[in-house]
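Letter by letter, the chains look like this.
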Amino acid sequence: QKEVEQNSGPLSVPEGAIASLNCTYSDRGSQSFFWYRQYSGKSPELIMFIYSNGDKEDGRFTAQLNKASQYVSLLIRDSQPSDSATYLCAVNGGSGGGADGLTFGKGTHLIIQP
Amino acid sequence: DTEVTQTPKHLVMGMTNKKSLKCEQHMGHRAMYWYKQKAKKPPELMFVYSYEKLSINESVPSRFSPECPNSSLLNLHLHALQPEDSALYLCASSQGTAGSGNTIYFGEGSWLTVV
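For clarity, every value in this text was computed on a predicted model and none was experimentally measured. (Residues numbered from 1 in each chain as written. Chains lettered and ligands numbered in written order. Predicted model: local features only at pLDDT ≥ 70, side-chain atom pairs only at ≥ 80, totals over all residues. Heavy atoms only, no water.)

Notes on the overall build of chain B
Then comes step 1: When its secondary structure is counted, chain B shows zero helices and eleven strands.
Then comes step 2: Taken from the N to the C terminus, the helices and strands of chain B come in the order β-β-β-β-β-β-β-β-β-β-β.
Then comes step 3: Taking 13 Å as the expected radius of gyration for a compact globule of 115 residues, we find that chain B reaches 13 Å, a close match to that expectation.
Then comes step 4: When burial is assessed residue by residue, chain B has 48% of its 115 residues classed as buried.
Then comes step 5: Intrachain contacts of chain B at a sequence separation of at least 6 include 53% that bridge at least 24 residues.
Then comes step 6: For chain B, the accessible surface area stands at approximately 5600 Å², while carbon and sulfur atoms represent 49% of it. (Helix = DSSP H or I, 4+ residues; strand = E, 2+ residues; numbered from the N terminus. Rg over C-alpha atoms; globule rule 2.2 N^0.38 Å. Buried < 20%, exposed > 50% of the residue type's maximum accessible area, 1.4 Å probe, protein only. Contact = heavy atoms within 4.5 Å. Areas by Shrake-Rupley, 256 points an atom, 1.4 Å probe, with all protein chains shown as cover.)

Some points on the sheet that holds strand β8 (residues 71-76) of chain A
Residues and elements named next belong to chain A.
Then comes step 1: Ordered by their spatial adjacency, five strands build an open sheet running β1-β3-β8-β7-β6, and the pairing between neighbours is antiparallel. Edge positions in the sheet fall to β1 (4-5) and β6 (54-58), since each of these pairs with one other strand and no more.
Then comes step 2: Judged from the five bridges that link them, β6 and strand β7 (residues 61-66) form a sheet pairing that is antiparallel. Paired with D58 across the bridge in β7 is F61. (Pairing = 2+ DSSP bridges.)

Observations regarding the sheet that holds strand β8 (residues 73-79) of chain B
The strands that make up a sheet are held in pairs by hydrogen bonds between backbone atoms, and each pair lies either parallel or antiparallel.
Residues and elements named next belong to chain B.
Then comes step 1: As summarised here, the arrangement of the four strands in space is β1-β3-β8-β7, forming an open sheet in which the pairing is antiparallel. Of all the strands in the sheet, just β1 (4-7) and β7 (64-70) have a single pairing partner and so form its edges. Along the sheet, successive strands turn relative to each other by an average axial angle of 20 degrees, direction set aside.
Then comes step 2: Two strands pair when backbone bridges link them, and β7 and β8 are joined in this way by five bridges, in the antiparallel orientation. When the bridges of β8 are listed, E67 appears paired with N75. (Axes fitted to C-alpha atoms, helices over the stretch in contact; angles between N-to-C directions.)

Regarding unusual backbone geometry
Then comes step 1: Here G9(A) and P10(A) are connected by a cis peptide whose omega angle stands at 10 degrees.
Then comes step 2: Within the secondary structure, P10(A) is located in the loop between β1 and β2 (11-14).
Then comes step 3: Here the bond from T7(B) into P8(B) is cis, since omega is -10 degrees, no more than 30 degrees from zero.
Then comes step 4: Within the secondary structure, P8(B) sits in the loop between β1 and β2 (10-13).
Then comes step 5: In this structure, K40(B) is a non-glycine residue whose phi angle is positive, near 60 degrees.
Then comes step 6: By the secondary structure assignment, K40(B) is in the loop between β4 (31-37) and β5 (44-50).
Then comes step 7: If you check the backbone angles, E52(B) has positive phi at about 65 degrees while not being a glycine.

Regarding the environment of M13(B)
Residues and elements named next belong to chain B.
Then comes step 1: With respect to the secondary-structure elements, M13 resides in strand β2.
Then comes step 2: Exposure remark for M13: the relative accessible area of 1% places this residue in the buried category.
Then comes step 3: Placed 47 residues apart in sequence, M13 and V60 show a C-alpha to C-alpha distance of 19 Å.

What to know about the state of the cysteines
Residues and elements named next belong to chain A.
Then comes step 1: Tallied over the full model, the rule gives two disulfides over all chains.
Then comes step 2: Sulfur-sulfur distance for the disulfide between C23 and C89 comes to 2.1 Å. With the S-S dihedral at roughly -75 degrees, the linkage between C23 and C89 falls on the left-handed side. Taken as a pair, C23 in strand β3 (residues 19-25) and C89 in strand β9 (residues 85-92) lie far apart in primary sequence, 66 residues in all. (Disulfide = S-S within 2.5 Å.)

What follows is the structure, encoded as structure tokens:
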């Protein structure tokens, strides 16, 4: 049984600061890690994915993966009020083949204060 | 804009009705998914279709019946639902069938209310 853990927040960050979101997962066989952003009343929007240990940067977003510690994080630099949303950590890829969908954490509610 | 299209966006149905949710993607993806999301909860996987064959059914009640007519289309047939089935139903797709390395893209969802 895969489990994905996130602090539900709310996490309040001043505008322009770095927001740091964290996620741990239980299945050591997990291979792919995703961060989705979800605004209230909308569907999840993919913002980052990472497969390899280390950092991956895309614009203001950096995903960090540490498979030994079973830990994945998302950093948002120069936070903007429009970044206020729920951020969902998701994991897929077990030990077998076949499409197996995603297991989501409960999400972290991020508030960027102007 | 998402390339996974879901219809209808909103649906209200009675407990004795039969209705269907529809999903379409034209990205050439070979895996399609149905998720259910209740308010303030994460999406929960319901079904996975891989190459038009049902590969995962997460013990979903039989009042939900998925169908994949072809590689671009995915339906969810609804019958005799309960008020607790009211939720956002999300369709998603991904390119390959391997468990890893697939980026899963969501449609905008269908809001279902059962009265």
